[in-house]
Amino acid sequence: MQPDRTKIKLFCAAGAALLAVLAVAGLFTGKYPLTLEGMLAGDEMQLRVFWTLRASRTAVGVLGGFALGVAGFVYQTVFRNPLASPDVIGVSSGASAGAAAGILFLSGAAAVTAASFAGALAAVGLALALSALDRSGRHSTIVLAGIAVHSLAQTALMCLKLTADPERELASIEYWIMGSLNGVSGYSIGGNLALCALCVAALFLLHRQVLLLSADEGEARMLGVSVGRMRLAVLLTATLAVSCVVSLSGLISFVGLLAPHGARLLTKRSGPGTMLLGGLLGGILLTGADILARSAAAVELPVSIFTSLLGAPFLIFLIVKGRRQA
C-alpha cells in the first residue's frame with residue numbers, strides 16, 4: 001500500500017511541476033512579445049497585456065483543464081464507464097445552443113458567456129429531471145436522458161444556424177463550437193473561475209461519496225449513503241464546474257476523457273490521489289494545447305484541434321484494448 005501511495009505522490013508532484021512550467025511558458029507565448037526586463041521596467045503596454053490577457057488566459061487553461069479532468073474522473077467513477085466524459089449529460093450541447101442564441105440575439109462577449117452558461121445548466125437540469133422519472137436508479141438512465149437532451153440541443157443549434165448571417169454570426173458560432181481561449185480576458189473570468197474553483201473543492205470534499213457511488217448500490221445504502229440524492233449532488237457539482245469552463249472557452253474536446261483515464265493508467269487505482277492527478281493532467285493538456293494553438297501557425301488555431309489530435313488515437317487505443325481483453 002505504501003509504495004502505491006508514494007508512486008501516486010511522485011506522479012502528482014511531477015504533474016504539478018510540468019503544469020507550472022507550462023503555465024510560465026503560456027504567460028510569455030503569443031503574438032505580442034513580452035520580456036521580463038520590460039515588465040520589471042514598468043512598460044505599460046507589456047504590463048497591460050500580461051495582466052489583462054496572458055495571466056487570465058493561463059489561469060483559465062490551468063484551472064479549466066484541472067476542472068475538466070476532475071469532472072471527467074467523477075463521471076467515469078459514478079457511471080462506472082471509462083469512456084464517460086463531462087458532456088455525457090448534455091452540458092456541451094446545451095452550452096453550444098446557448099452560445100449560439102447569445103451570438104444571435106445578444107451583444108457582447110459577456111452576454112454570450114452568460115447565455116452558454118445558462119444553456120449548459122438548462123440542459124443538465126432537463127437531463128437530471130428526465131432521469132428522475134425512472135425510480136430504478138440505473139446508471140444507464142442518466143446516459144439515455146443525456147442523449148435525448150443532446151439531440152434536442154443539436155436540433156435547436158441547427159435551427160439557430162439557419163437564421164444566422166452566414167458572413168458574421170454563423171462564423172462566430174462555428175468558431176465558438178471549435179473551442180478557443182482567444183476570447184478570454186481579465187474582464188470576463190472572475191465570477192466563472194471563482195465558481196469553478198468552489199465546485200472543484202466541493203468534489204474533493206465529496207471524494208469518498210464519489211467512490212461509494214461506484215460500488216454496488218445496495219452496499220452503498222448499507223453504508224448510509226442516500227444514493228439518489230448523492231448522485232444528483234455530485235453530478236450537478238461536476239457539471240457546474242464544466243459549465244463554468246465551457247462558457248469561457250467554447251467546446252474543448254477529449255480533455256475530460258483523456259486526463260482521468262490517463263491518471264488511472266498511471267496509478268492503477270481510483271482514489272483522491274488519482275483524482276488529483278487527473279486534474280493535473282487536464283491542466284497540462286489544456287494549457288499545452290493552448291500554447292500550441294498560439295504558436296503553431298501564423299494565425300491562432302482552435303484549441304480542440306490539438307486536444308483531438310491526442311484524443312482520437314487514445315480513444316482508438318481504448319477500443320482496441322477493450323476488444324483484446326474481451
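The paragraphs below set out a description of the structure included in this document. (Residues numbered from 1 in each chain as written. Predicted model: local features only at pLDDT ≥ 70, side-chain atom pairs only at ≥ 80, totals over all residues. Heavy atoms only, no water.)

Describing the pattern of salt bridges
In total, this model carries 6 salt bridges according to the counting rule given. Across the pair Glu44 and Arg48 runs a salt bridge, and its minimum N-O distance is 3.0 Å. With a gap of 4 residues between them, Glu44 and Arg48 both fall in helix α3 (residues 44-78), about one helical turn apart. Judged by its relative accessible area of 58%, Glu44 is exposed. Residue Arg48 is classed as partly exposed on the basis of its relative accessible area, which comes to 45%. What you see here is one network of salt bridges that share partners, running through Arg57, Asp290, Arg294 and Glu300. (Salt bridge = Lys/Arg side-chain N within 4 Å of Asp/Glu carboxyl O. Helix = DSSP H or I, 4+ residues; strand = E, 2+ residues; numbered from the N terminus. Buried < 20%, exposed > 50% of the residue type's maximum accessible area, 1.4 Å probe, protein only.)

Quick notes on the nonpolar core
Membership of the largest hydrophobic core comes to 71 residues, with the highest contact counts inside it found for Tyr75, Phe79 and Ile89. In terms of residue count, α3 provides more of this core than any other element does, 10 residues in total. When sequence neighbours within four positions are dropped, the list of residues in contact with Ile89 reads Tyr75, Phe79, Ala123, Val124, Ala127, Ile142, Gly146 and Thr239. By size, the runner-up hydrophobic cluster in this structure holds 5 residues, among which are Leu27, Met39, Val49 and Phe50. (Core = buried A, V, L, I, M, F, W, Y, C linked by side-chain atoms within 4.5 Å. Contact = heavy atoms within 4.5 Å.)

So, the packing of α3 against helix α13 (residues 272-295)
Interhelical geometry of α3 versus α13 gives an angle of 140 degrees and a closest axis separation of 7 Å. By the angle between their axes, α3 is oblique relative to α13. Once α3 is placed against α13, the crossing between them reads as right-handed. Where α3 abuts α13, its residues Arg54, Arg57, Val60, Gly61, Val62, Gly64, Gly65, Phe66, Gly69, Val70, Phe73 and Val74 lie against Thr274, Met275, Leu276, Gly278, Gly279, Leu280, Gly282, Gly283, Leu286, Thr287, Asp290 and Arg294. The residue inventory of the contact of α3 with α13, partitioned by class, reads 10 nonpolar, 10 polar and 4 charged. (Axes fitted to C-alpha atoms, helices over the stretch in contact; angles between N-to-C directions. Parallel < 35°, antiparallel > 145°, perpendicular 65-115°, else oblique. Left-handed = near helix turned anticlockwise from the far one by under 90°. Nonpolar A, V, L, I, M, F, W, Y, C, P; charged D, E, K, R; others polar.)

Points about a positive patch on the surface
Residues Arg5, Lys7, Lys9, Lys268 and Arg269 make up a contiguous surface patch of positive charge. When you line up the elements, Lys9 lands in helix α1 (residues 2-27). (Patch = residues over 30% accessible without salt bridge, like charges linked within 9 Å, V, L, I, M, F, W, Y side chains within 5 Å. Areas by Shrake-Rupley, 256 points an atom, 1.4 Å probe, with all protein chains shown as cover. Lys, Arg positive; Asp, Glu negative; His and termini not counted. Charge placed at Lys NZ, Arg CZ, Asp CG, Glu CD.)

Some points on the environment of Ala263
Examined against the element boundaries, Ala263 turns out to sit in helix α12 (residues 255-267). Residues Ala263 and Val62, spaced 201 residues apart in sequence, show a C-alpha to C-alpha distance of 17 Å. With sequence-adjacent residues up to four places away left out, Ala263 is seen in contact with Thr274, Leu277, Gly278 and Leu281.

Comments concerning unusual backbone geometry
The phi torsion at Phe254 lies on the positive side, around 75 degrees, for a residue other than glycine. Here Phe254 shows up in the loop between α11 (227-249) and α12. Despite not being glycine, Lys268 has its phi angle at roughly 60 degrees, a positive value. When you line up the elements, Lys268 lands in the loop between α12 and α13.

Describing the packing of aromatic side chains
Inspection of every chain in the model, using the stated rule, returns 4 aromatic pairs. Between Phe28 and Phe50, the aromatic rings sit 6.5 Å apart at their centres with planes inclined by 50 degrees, giving tilted as the arrangement. With Phe28 in the loop between α1 and α2 (36-40) and Phe50 in helix α3, this pair connects stretches of sequence that are 22 residues apart. Looking at Phe50, the relative accessible area reads 12%, which means it is buried. Geometrically, the ring pair formed by Phe50 and Trp51 is edge-to-face, given 5.0 Å between the ring centres and 90 degrees between the ring planes. Among the aromatic side chains, those forming a connected cluster through ring pairs are Phe28, Phe50 and Trp51. (Phe/Tyr/Trp six-rings, centres within 6.5 Å; stacked < 30°, edge-to-face > 60°.)

These results come straight from atomic positions and should not be treated as a statement about function.
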